[in-house]
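Descriptive analysis of the structure
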Amino acid sequence: MSANAQYVIDALNHSFIQDHPASAFQAINQLSEADLIDMISRQPKQDQIRIWNDLDVDLAASLTTKLSDQVLLIVINEGDPVHTSRVLVRLSQSQRDQILGLVDSARQRELI
């Protein structure tokens, strides 16, 4: 796919998320993990956070080990703390500790 075509697809994804959030998140939660990871990684930071906050918690939990470190840092640090806490409790203790080690102590207190 050409860079120009990818730009158009990314712009349409962004518009769909902004203009039709309910439909967008219903569709997003039905994507395969590989497609979801690819789509999230190409979104602007604010859309990454918005998508994270609306992901099914079990799906989000499975993505924590598959997202890039950069995206994971963004969503763990800036995502909704209630949703993120619900995601973290679905992880093993070692995974949870590893992820909590990425955030400062104030954010850790919000998430546990």
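Now for a quick tour of the structure. (Residues numbered from 1 in each chain as written. Predicted model: local features only at pLDDT ≥ 70, side-chain atom pairs only at ≥ 80, totals over all residues. Heavy atoms only, no water.)

1. Regarding the overall build of the protein chain
In terms of helices and strands, the protein chain carries 9 helices and 0 strands. Along the protein chain, helices and strands appear, N-terminal first, in the series α-α-α-α-α-α-α-α-α. Per-residue burial over the protein chain gives 37% buried out of 112 residues. Intrachain contacts of the protein chain at a sequence separation of at least 6 include 65% that bridge at least 24 residues. Roughly 6400 Å² of accessible area belongs to the protein chain as shown, and the carbon and sulfur atoms make up 52% of that amount. (Helix = DSSP H or I, 4+ residues; strand = E, 2+ residues; numbered from the N terminus. Buried < 20%, exposed > 50% of the residue type's maximum accessible area, 1.4 Å probe, protein only. Contact = heavy atoms within 4.5 Å. Areas by Shrake-Rupley, 256 points an atom, 1.4 Å probe, with all protein chains shown as cover.)

2. Some points on the environment of L72
Note that L72 resides in helix α6 (residues 69-78). Sequence-wise, L72 and S41 are 31 residues apart; in three dimensions their C-alpha atoms are separated by 9.9 Å. Filtering out sequence-adjacent residues up to four positions away, L72 remains in contact with T64, L67, I99 and L102.

3. Focus on the nonpolar core
Membership of the largest hydrophobic core comes to 28 residues, with the highest contact counts inside it found for L55 and L67. Of all the secondary structure elements, the ones that give two or more residues to this core are α2 (21-28), α3 (33-41), α4 (45-54), α5 (57-63), α6, α7 (81-88) and α8 (93-100). Looking at this core, the element that brings in the most residues is α5, giving 5 residues. Not counting the four nearest positions on each side in its chain, L55 is found in contact with I28, N29, L36, I40, A60, L63 and H83. (Core = buried A, V, L, I, M, F, W, Y, C linked by side-chain atoms within 4.5 Å.)

4. Focus: the packing of α2 against α4
Contact geometry of α2 with α4 gives a least axis separation of 10 Å together with a crossing angle of 70°. With respect to α4, the element α2 is oriented roughly perpendicular. In this structure, α2 contributes P21, F25 and I28 to the contact, and α4 contributes R50, I51 and D54. Considering only residue class, the contact of α2 with α4 consists of 4 nonpolar, no polar and 2 charged. (Axes fitted to C-alpha atoms, helices over the stretch in contact; angles between N-to-C directions. Parallel < 35°, antiparallel > 145°, perpendicular 65-115°, else oblique. Nonpolar A, V, L, I, M, F, W, Y, C, P; charged D, E, K, R; others polar.)

Remember, this is a structural readout, not a statement about activity or role.
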